[in-house]
Amino acid sequence: MTGSRIAAVGHYQPAKILTNEDLEAMVDTDDEWIRSRVGIRTRHVAGPDEPVDELAAHAGAKALAAAGLTAGDIDLVVVATSTAVDRSPNMAARVSRRLGVPSPAALDINVVCAGFTHALATADHAVRAGASGRALVIGADKMSAVTDWSDRTTCVLVGDGAGAVVIEACAPDEEPGIGPVLWGSVPEMGHAVRIEGEPARFAQEGQSVYRWATQQLPPLARAACERAGYTPEDLAGVVLHQANLRIIEPLAGKIGAVNAVVARDVVDSGNTSAASIPLAFSKLVERGEIRSGQPVLLFGFGGNLSYAGQVVKCP
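Residues numbered from 1 in each chain as written. Predicted model: local features only at pLDDT ≥ 70, side-chain atom pairs only at ≥ 80, totals over all residues. Heavy atoms only, no water.

Quick look at the pattern of salt bridges
Pairs can form between side chains of opposite charge whenever their charged atoms are close.
Phase 1: All chains considered together, the criterion is met by 14 salt bridges.
Phase 2: Here Arg-41 ties to Asp-268 by a salt bridge, and the two come within 2.6 Å at their closest N and O atoms. Separated by 227 residues along the polypeptide, Arg-41 in the loop between helix H2 (31-38) and strand S3 (42-44) and Asp-268 in helix H9 (residues 266-269) bring together distant segments of the chain.
Phase 3: Overall, the relative accessible area of 31% leaves Asp-268 in the partly exposed class.
Phase 4: Here the residues in one salt-bridge network are Arg-5, Arg-134, Glu-168 and Glu-174, joined through shared partners. (Salt bridge = Lys/Arg side-chain N within 4 Å of Asp/Glu carboxyl O. Helix = DSSP H or I, 4+ residues; strand = E, 2+ residues; numbered from the N terminus. Buried < 20%, exposed > 50% of the residue type's maximum accessible area, 1.4 Å probe, protein only.)

Next up, the structure:
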């Protein structure tokens, strides 16, 4: 058995930008109300001809290019999403076809906003067990397709996008670049975040999520650091699920990551569900805000009131 590491990252967002001012013309809201409650200024929204697998494939292609690899170098594709329209072919198979990955193991993971960190852990476990040598892990969601655009409590939150990482096996004498996952859920609070019904619609109990995240998650995040052999003070970056700036900022403070850059991509991208962590992480790497080899905490939480987090080394 060996560990794995992140070789490269990539992200993609649709071209169309929906501002708070645009939303003022759609529902009873305004820029000040949105900023004060969730901290969001803009979000990217995909068109009807831009399916989730297209968003995912764009992000995956960028990650492959950044790693200097081709689709033929990948033997496992894992896609985290909760907005797939069809059951089969699954999203990972559709993405593999778009990218030309020849014969991968292809699986989807639906853990909503915690999906990417679950997917990353699953791929890491596959590499550690010798079942995969190199994997493409993607978080992608088209939240605009499951949103009631007449509901001002939810439509101001969401955006569309995708983020991806390439992970590969470490050398035998190399320290793992992906730490042990800490994951779990609170099934009795599964009603707090939902995408259900026909047509499927996103709904949440915002105050319940806020209280649970700000009160219960800090010790879990610190435990994820401990499992990886780090203290919160060691972290160079913290990338939490980009749900709401009013959750991210107090949560980052309670974790104790006093020296870390904290991702605040929610301001420009909204809540992109499973895409939010790899999207925000990729942007931090692209801007050079975290240096190669530095430890970064990734921590997802949300739908099902599931959570998963691990410390990774920046590629």
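Having seen the structure, we can now continue with the description.
Here's the deal with a negative patch on the surface
Phase 1: Together, Glu-21, Asp-22, Glu-24, Asp-28, Asp-30 and Glu-32 make up a region of like negative charge exposed at the surface.
Phase 2: Looking at the negative patch element by element, the count peaks at 3 residues for helix H1 (residues 20-24).
Phase 3: Examined against the element boundaries, Asp-30 turns out to sit in the loop between H1 and H2. (Patch = residues over 30% accessible without salt bridge, like charges linked within 9 Å, V, L, I, M, F, W, Y side chains within 5 Å. Areas by Shrake-Rupley, 256 points an atom, 1.4 Å probe, with all protein chains shown as cover. Lys, Arg positive; Asp, Glu negative; His and termini not counted. Charge placed at Lys NZ, Arg CZ, Asp CG, Glu CD.)

Observations regarding the pairing of strand S9 (residues 193-196)
Phase 1: Note that S9 and strand S10 (residues 201-204) share 4 bridges and pair antiparallel. Looking across to S10, one finds that Arg-194 is bridged to Ala-203.
Phase 2: A loop of 4 residues connects S9 with S10, the two strands running antiparallel in sequence, and Gly-197 in this loop sits at a positive phi of about 95°. (Pairing = 2+ DSSP bridges.)

Some details on the nonpolar core
Phase 1: Counting 48 residues, the largest nonpolar core has Leu-217, Leu-297, Phe-299 and Phe-301 as its most contacted members.
Phase 2: At 8 residues, the largest contribution of residues to this core is made by helix H7 (residues 206-227).
Phase 3: When residues no more than four places from it in sequence are discounted, the contact partners of Leu-217 are Trp-212, Leu-251, Phe-299, Phe-301 and Tyr-307.
Phase 4: Counting 32 residues, the second-largest nonpolar core is a separate cluster that includes Ile-6, Val-127, Val-239 and Ala-280. (Core = buried A, V, L, I, M, F, W, Y, C linked by side-chain atoms within 4.5 Å. Contact = heavy atoms within 4.5 Å.)

Details of the sheet that holds strand S1 (residues 4-12)
Note: strands within a sheet are paired through backbone hydrogen bonds, in either parallel or antiparallel orientation.
Phase 1: Taking strand neighbours across the sheet as the criterion, the 5 strands line up as S1-S7-S6-S4-S5 in an open arrangement whose pairing is mixed. A single partner strand is all that each edge strand has here, and the edge strands are S1 and strand S5 (105-109). Sheet twist, expressed as the mean angle between neighbouring strand axes with direction ignored, is 15°.
Phase 2: With respect to the sheet, helix H5 (residues 115-128) is in contact with S1, strand S4 (76-80), S5, strand S6 (134-142) and strand S7 (160-169), its orientation differing from that of S7 by roughly 20°.
Phase 3: Strands in contact with helix H10 (residues 276-286) are S1, S6 and S7; relative to S1, the strand with the most contacts, it is inclined by about 95°. (Axes fitted to C-alpha atoms, helices over the stretch in contact; angles between N-to-C directions.)

Brief notes about the packing of aromatic side chains
Phase 1: Within this structure, the stated rule accounts for 2 aromatic pairs.
Phase 2: Aromatic pair Trp-212 and Tyr-307: ring centres 6.1 Å apart, planes at 40°, arrangement tilted. On the criterion of sequence distance, the pair formed by Trp-212 in helix H7 and Tyr-307 in strand S14 (residues 306-313) is long-range, its members being 95 residues apart. By the burial criterion, Trp-212 is buried, and Tyr-307 matches it.
Phase 3: Measuring from centroid to centroid gives 6.4 Å for Phe-299 and Tyr-307, while their planes differ by 10°, and the two rings are stacked. Across this residue pair, the class does not change: Phe-299 and Tyr-307 are buried.
Phase 4: Ring-pair connections join several aromatic residues into one group, and the members of that group are Trp-212, Phe-299 and Tyr-307.
Phase 5: Above the ring of Tyr-210, the side-chain terminus of Arg-246 is found at 5.2 Å from the ring centroid. (Phe/Tyr/Trp six-rings, centres within 6.5 Å; stacked < 30°, edge-to-face > 60°. Lys NZ or Arg CZ within 6 Å of the ring centre and 35° of its normal.)

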